[in-house]
Amino acid sequence: MPEPSRHDTPVVIVGSGWAGLAAAIELTRRQIPVHLIEAARQPGGRARTVRSGNLVVDNGQHLMIGAYQSMLKLMEQVGVDIDAAFERLPLTLKLLNGNSTSLLLKTPRLPAPWHLLAAILTAHGLSAAEQIKALRFGRYVLKQTRPADTDISVLALLHSRAQSPGLIRKLWEPLCIATLNTPIDIASAHLFVKVLGTAFGNHQQHADLLIPRRELSDLLPRPGIAYLERHGAQVELGQRVTSLAIEDDRVCGVHIGKRHIECSQLILATPPIISRRLISRHSVLNPLAQQLSELGNEPVATLYLQYSEDTRLDVPILGLENKLGQWVFDRRVCGQPGLIAVVISARGEHCALTADALADRLVNELATCFPHWPVPEKKLLLREKRATFCSRVGIDVIRPDNRTAVQGLWLAGDYTNTGLPATLESAVRSGNVCARTMTGQSAE
């Protein structure tokens, strides 16, 4: 049974990432007063716009697909025109080996799962034997579920399903890295199968790529804050919560330095490391703090390169085979012609390289793949050391629920037990479920 909610004081939400915004907007929709507190001077958390001189970029390239129904619904609720905000494209996976295409897979406009069948059968770069193996694995994905307590690695699963080394290298490993941000030899097969089933098992448009036409902060953070302020929520940016007030296993408020804010309901929508720091002073929450410490982290590095405006890819996104750089994004769709983003997901040798060495390495790799491109005019390297939790084998057993052992204290974030990897969809779902559970509503 949900605990009774008291709203004589506003619900305090710490953190204005996508989970915190989702929770705040859901509570506001239910006419429950909200006080949103954010340490940074802009909302969005790890999915926002950043500025460096006159260069405006996103803090990483966040993969969005048509299956992200909770995310898209939330954007619409705060007034975002989805058709104007995104260019919707059928899933296309193109890989380069040097300057030659090693794989080209396109999903046609056919009902699910026939679009996946057609994409594999018409893929360039896969032998007939590999196509058959891929189809068998796709059939397995659509029919099987793997309970979290019997989880194995994605690589072990692929080997058990007789997937060839070339098929793993060209198709399954890039998809694993892109969706789970975790190396294939330790990544959770349970989560990988769930992601593939969500993308390919229901509606053909769920596999579509959603390419933002706007900067990331204009998709939810800014319109979300505007929505909250229009509807009477109190929003404070640039204010860091330094401690929690908990008495008799019940939330009493938060402290911002010497300032005390009273509340009986509190949502921590901060990254796990921040949430752990805030709860670690309270012995009743020691088991939860231990859970959060066991989630682990995976990095993401993004190198932005400004070339001349006529520099472009023939597709918005492509992968690089046998390179340090994994994905290349053309920001032309976002109104930034000539701006190219190179992304490296998960841990690897790049973590030991200096910023200059990493940037030089990636520029040289692009020069190999695109020898006709000019020298880039600007470089900007963004490194998120804790971009996501580690989606390793058995991780879903560790991920915490929204409810905690302290009455009135809740967690929201992509790392909570949503059943999805660390995505914007997972963050939004967590925020929604947290708000609805708090108010005694079904999780819908």
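Before reading further, recall that the structure is shown in the block above.
Everything in this summary refers to the structure shown in the same document. (Residues numbered from 1 in each chain as written. Predicted model: local features only at pLDDT ≥ 70, side-chain atom pairs only at ≥ 80, totals over all residues. Heavy atoms only, no water.)

1. Quick look at the environment of N59
Working step 1: Within the element layout of this structure, N59 appears in the loop between β4 (55-58) and α2 (69-77).
Working step 2: Residue classification places N59 among the buried residues on the basis of a relative accessible area of 8%.
Working step 3: Sequence separation between N59 and P400 is 341 residues, and the spatial gap between their C-alpha atoms is 26 Å.
Working step 4: In this structure the side chain of N59 is engaged in a polar contact, spanning 2.7 Å, whose partner is the side chain of E384. (Helix = DSSP H or I, 4+ residues; strand = E, 2+ residues; numbered from the N terminus. Buried < 20%, exposed > 50% of the residue type's maximum accessible area, 1.4 Å probe, protein only. Polar contact = N/O pair within 3.5 Å; in protein donor to acceptor, adjacent residues only side chain to side chain.)

2. Quick notes on helix α11 (residues 286-293)
Working step 1: Of all the residues in α11, the buried ones are L288, A289 and L292. One face of α11 carries all of its buried residues, which in axial projection span an arc of 100 degrees. (Arc of directions from axis to C-beta.)

3. So, the sheet that holds strand β19 (residues 409-411)
Working step 1: Taken in spatial order, the 5 strands make up an open sheet running β9-β2-β1-β13-β19, and their pairing is parallel. Single-partner strands in this sheet number two, and they are β9 (234-237) and β19. Averaged over all pairs of adjacent strands, the angle between strand axes in this sheet comes to 15 degrees, irrespective of strand direction.
Working step 2: Note: strand β2 (residues 34-38) against β9, 4 bridges, orientation parallel. Counterpart to E38 in the pairing with β9 is L237. (Pairing = 2+ DSSP bridges. Axes fitted to C-alpha atoms, helices over the stretch in contact; angles between N-to-C directions.)

4. So, helix α7 (residues 165-180)
Working step 1: Taking 1.5 Å per residue as the helical rise, α7 with its 16 residues ought to reach 22 Å, whereas the 20 Å between its terminal C-alpha atoms falls clearly short.
Working step 2: In terms of burial, α7 is largely enclosed, as 12 of its 16 residues are buried. (Expected span 1.5 Å × (residues − 1).)

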